[in-house]
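Now for the letters of each chain:
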Amino acid sequence: MTRFVVQLAFDGDQERQRERLRVRPAHREHLRALKDRGLLVTAGPWADDSGALHVYEVAGEAELRAILRDDPYTVADACELVLLKEWTPLP
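Below you will find a few notes about this structure. (Residues numbered from 1 in each chain as written. Predicted model: local features only at pLDDT ≥ 70, side-chain atom pairs only at ≥ 80, totals over all residues. Heavy atoms only, no water.)

This part takes up the pairing of strand E3 (residues 51–58). Two faces, one strand: in a regular strand the side chains alternate between the faces of the sheet. The element E3 is largely enclosed, with a buried count of six among its eight residues. Judged from the eight bridges that link them, strand E1 (residues 2–9) and E3 form a sheet pairing that is antiparallel. The residue of E3 that forms the bridge with Gln-7 is Leu-53. In the sheet, strand E2 (residues 40–45) pairs with E3 via five bridges, with the strands oriented antiparallel. Residue pairing in the sheet places Ala-43 in a bridge with His-54 of E3. The turn linking E2 back onto E3 is made up of five residues, and Asp-49 within it adopts a positive phi angle of 60°. (Buried < 20%, exposed > 50% of the residue type's maximum accessible area, 1.4 Å probe, protein only. Helix = DSSP H or I, 4+ residues; strand = E, 2+ residues; numbered from the N terminus. Pairing = 2+ DSSP bridges.)

With that settled, consider helix H1 (residues 14–36). Taking 1.5 Å of rise per residue, the 23 residues of H1 would be expected to cover 33 Å, and the 33 Å separating its terminal C-alpha atoms lies within 8% of that figure. Maximum bend of H1: about 50°, positioned at Arg-24, with proline Pro-25 one to four residues after it. Looking at H1, one finds that the buried residues are Arg-16, Arg-20, Val-23, His-27, His-30, Leu-31 and Leu-34. Contacts made by the buried residues of H1 are with E2, E3, helix H2 (61–70), helix H3 (72–75) and strand E4 (80–87). For H1, the capping residue at the N-terminal end is Asp-13, with a side-chain oxygen 3.3 Å from the backbone nitrogen of Glu-15. Directly after H1, the chain includes Gly-38, whose backbone phi takes a positive value near 80°. (Expected span 1.5 Å × (residues − 1). Bend = angle between axes of the 7 residues up to and from the residue. Contact = heavy atoms within 4.5 Å. Polar contact = N/O pair within 3.5 Å; in protein donor to acceptor, adjacent residues only side chain to side chain.)

This part takes up the nonpolar core. Soluble globular proteins tend to pack their nonpolar side chains together in the buried interior. Judged by nonpolar contacts, the single largest core of 19 residues is most densely connected at Val-6, Leu-34, Tyr-56, Val-58 and Leu-64. Going through the elements one at a time, E1, H1, E3 and H2 are the ones with two or more residues in this core. Excluding residues within four positions of it along the chain, Leu-34 makes contact with Leu-39, Leu-40, Tyr-56 and Ile-67. (Core = buried A, V, L, I, M, F, W, Y, C linked by side-chain atoms within 4.5 Å.)

Inspection of every chain in the model, using the stated rule, returns one aromatic pair. On the numbers, 5.8 Å between centres and 85° between planes, the contact of Phe-10 with Tyr-73 is edge-to-face. Here the residue Phe-10 occupies a position in the loop between E1 and H1, and Tyr-73 occupies one in helix H3, the gap between them amounting to 63 residues. Residue classification places Phe-10 among the buried positions, given a relative accessible area of 11%. Accessibility expressed as a relative area gives 3% for Tyr-73, which makes it buried. Geometry around Phe-10 places Arg-20 over its ring, the cationic atom sitting 4.0 Å from the centre. (Phe/Tyr/Trp six-rings, centres within 6.5 Å; stacked < 30°, edge-to-face > 60°. Lys NZ or Arg CZ within 6 Å of the ring centre and 35° of its normal.)

What follows is the structure, given as structure tokens:
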């Protein structure tokens, strides 16, 4: 399994913000399901709500991209993917 860091940015556009808030419950349920399956290590928004950081543990980048493609935030075009990078945490 490989760990990846994903950074998301939330656009300041009011329409996109409304859409993000509308799908937020589904997005959070999606994350809970991934956490329950052991694919999501941790996730959460920045304190100023300008974006979020997620850490995944998956078989590879293709699996992660499929997970992100199915995320309600992606489906609703409610955020921008800023960073998707393999990560090697210190023991």
